[in-house]
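Below are the chains, spelled out letter by letter.
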Amino acid sequence: MPPTSSRLIHTFDVFLQDDIYPQVWQNTGLCEEKIRALALSAWYANNWQAPHDTLDMISATTGEPSRREAIRVLSGSWGVTSHDEAVSTIQSLVRGMHAPDYELVHPLVLEAVEAEGPRPLPLPRDNPNPARKRHHDLLEAAARHRDVSESYYVMAYESWLQAIKLGACSHMSGPLPAQIRAWDQARAVFVVRASVTAGYLAVEEGWELALATLEQARLYHRNWAQFGRSFVTGYTFWCARGDLAEASAASVIRQEDIQMLFLAPLSPWRALELHAGAPSLPWTPAHDPAPQAYVVAG
């Protein structure tokens, strides 16, 4: 196991929340690799006001969230009520839960947009362009092969096509990423942390799963900037199956939250790079170097 980083110098044994965006540290002395693994779920940690350097999500200062809240969220949002269900869900996320759907659908959607242009969408049965019919046939065949509902991928395709044509992704400059693995990987580490908090996973098993997820994340992302873009795109893809106006607004907020992880001085994404020895972010001259000392809770 790598030694505790000499760069993570804890200068004060007091609790501090960053003025830009709440960042909670507990001064636990974790090694760099474990902090990187937890940083995959940094958005969830901030949302829950949970520490960036403890596997469970309960802050020693605020006492939130409670074990009861972790149990409630795991049951209500994930259907997880036991150790085996927690492990199964985490493994599904690491393998890819929504990411494989996107990787199948997204290239076809880009082809359809190029063929049809950005004009408002006709209904598929009224569409004179044969590309959409060909795509539907491919997606129905894929659904049969993967033993899911025949309309499953077609619905994902149509939702994502509408999302792109109607501007739900317009706040994300540049081409959309080819994969959204970060969306699944971030949630995998969140479920690990919530399951440890709930008592469904032992700490040792939780670390094993979190560190395995980190290794998967490194296969797909060079830095936190790529990871963050993949995460927001995945979130938007997931939201697009519902109300597109709400999906677009929610995606803008999620993008702003991720941007704060690039900017907040106490963010774990500024503390450590995703790959040891590589730039953590594509810094510009306007950025100061990543801070070397962090004020954390004792």
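Residues numbered from 1 in each chain as written. Predicted model: local features only at pLDDT ≥ 70, side-chain atom pairs only at ≥ 80, totals over all residues. Heavy atoms only, no water.

Peer 1: Sorry, what's going on with the overall build of the protein chain here?
Peer 2: Within the protein chain, the regular secondary structure consists of twelve helices and two strands. For the protein chain, the α and β elements follow one another from N to C terminus as β-α-α-α-α-α-α-α-α-α-α-α-α-β. For the protein chain, the proportion of contacts with a sequence separation of at least 24, taken over those separated by at least 6, is 75%. Carbon and sulfur atoms make up 55% of the accessible area of the protein chain, which totals about 13,500 Å². (Helix = DSSP H or I, 4+ residues; strand = E, 2+ residues; numbered from the N terminus. Contact = heavy atoms within 4.5 Å. Areas by Shrake-Rupley, 256 points an atom, 1.4 Å probe, with all protein chains shown as cover.)

Peer 1: What's the story with helix 8 (residues 181-198) in this structure? I'm lost.
Peer 2: Along an α-helix, a turn takes 3.6 residues, which lines up residues three or four apart on a common side. Across its 18 residues, helix 8 extends 25 Å between first and last C-alpha, which sits within 8% of the 26 Å expected from 1.5 Å per residue. Helix 8 sits mainly inside the fold: 18 of its 18 residues count as buried. (Expected span 1.5 Å × (residues − 1). Buried < 20%, exposed > 50% of the residue type's maximum accessible area, 1.4 Å probe, protein only.)

Peer 1: Got a minute to help me understand the packing of helix 1 (residues 32-39) against helix 9 (residues 203-220) in this structure?
Peer 2: Helices that pack against each other are described as a pair by the angle of their axes relative to one another and the distance between those axes. Where helix 1 contacts helix 9, the two axes come as close as 9 Å, and the packing angle between them is 75°. As far as their axial angle goes, helix 9 and helix 1 are roughly perpendicular. Residues Glu 33, Lys 34, Arg 36, Ala 37 and Leu 38 of helix 1 lie in contact with helix 9, whose contacting residues are Trp 207, Ala 210, Leu 211, Leu 214, Glu 215 and Arg 218. Partitioning the contact of helix 1 with helix 9 into residue classes produces six nonpolar, no polar and five charged. (Axes fitted to C-alpha atoms, helices over the stretch in contact; angles between N-to-C directions. Parallel < 35°, antiparallel > 145°, perpendicular 65-115°, else oblique. Nonpolar A, V, L, I, M, F, W, Y, C, P; charged D, E, K, R; others polar.)

Peer 1: I would appreciate a short explanation of helix 9 in the present structure.
Peer 2: The first and last C-alpha atoms of helix 9 sit 26 Å apart over 18 residues, in line with the 26 Å expected at 1.5 Å per residue. For helix 9, every residue scored as buried is listed here: Gly 206, Trp 207, Leu 209, Ala 210, Leu 211, Thr 213, Leu 214, Ala 217 and Arg 218. Summarising the contacts, the buried residues of helix 9 are in contact with helix 1, helix 4 (83-95), helix 8 and helix 10 (224-239).

Peer 1: Mind showing me how you'd approach the pattern of salt bridges here?
Peer 2: Opposite charge on two side chains makes pairing possible when the charged atoms of those side chains draw close. Overall, the coordinates contain 15 salt bridges when judged by the stated rule. The residue Glu 33 makes a salt bridge to Arg 218 at a minimum N-O spacing of 2.7 Å. Separated by 185 residues along the polypeptide, Glu 33 in helix 1 and Arg 218 in helix 9 bring together distant segments of the chain. Overall, Arg 218 belongs to the buried group, its relative accessible area being 15%. By sharing partners, the salt bridges in this structure join Glu 32, Glu 33, Arg 36, Glu 215, Arg 218 and Glu 273 into a single network. (Salt bridge = Lys/Arg side-chain N within 4 Å of Asp/Glu carboxyl O.)

Peer 1: Got a minute to help me understand the confidence of the model for the protein chain in this structure?
Peer 2: Keep in mind that low pLDDT regions are not for reading the predicted coordinates in detail. Summarising the model, the protein chain shows a mean pLDDT of 84, and 82% of its residues fall at 70 or more. Considering each helix and strand of the protein chain separately, the mean pLDDT is smallest for strand 2 (residues 293-296), with a value of 29, and largest for helix 8, with 98. Taken together, the stretch residues 1-20 has pLDDT below 50 and engages in 58 contacts with residues farther than four places along the chain or on a different chain. (pLDDT = per-residue confidence, 0-100.)

Peer 1: Looking at this structure, I do not really get the packing of aromatic side chains. What am I missing?
Peer 2: Both the distance between ring centres and the angle between the ring planes are used here to describe each pair of aromatic rings. Applying the stated criterion across every chain, the model contains 17 aromatic pairs. Taking 5.0 Å as the distance between ring centres and 75° as the angle between the ring planes, the aromatic pair formed by Tyr 152 and Tyr 153 counts as edge-to-face. Judged by its relative accessible area of 27%, Tyr 152 is partly exposed. We classify Tyr 153 as buried; its relative accessible area is 4%. Look at Trp 224 and Phe 227: their rings are 5.6 Å apart centre to centre, the planes differ by 90°, and that puts the pair in the edge-to-face class. Residue Trp 224 and its partner Phe 227 are both found in helix 10; the two are separated by three residues, about one turn of the helix. Residue class for Trp 224 comes out buried when judged on its relative accessible area of 0%. The class for Phe 227 is buried, based on a relative accessible area of 1%. Over the face of the ring belonging to Trp 43 we find Arg 254, whose NZ or CZ atom lies 3.6 Å from the ring centre. Arg 254 extends its terminal NZ or CZ atom over the ring of Tyr 235, reaching a point 3.7 Å from the ring centre. (Phe/Tyr/Trp six-rings, centres within 6.5 Å; stacked < 30°, edge-to-face > 60°. Lys NZ or Arg CZ within 6 Å of the ring centre and 35° of its normal.)

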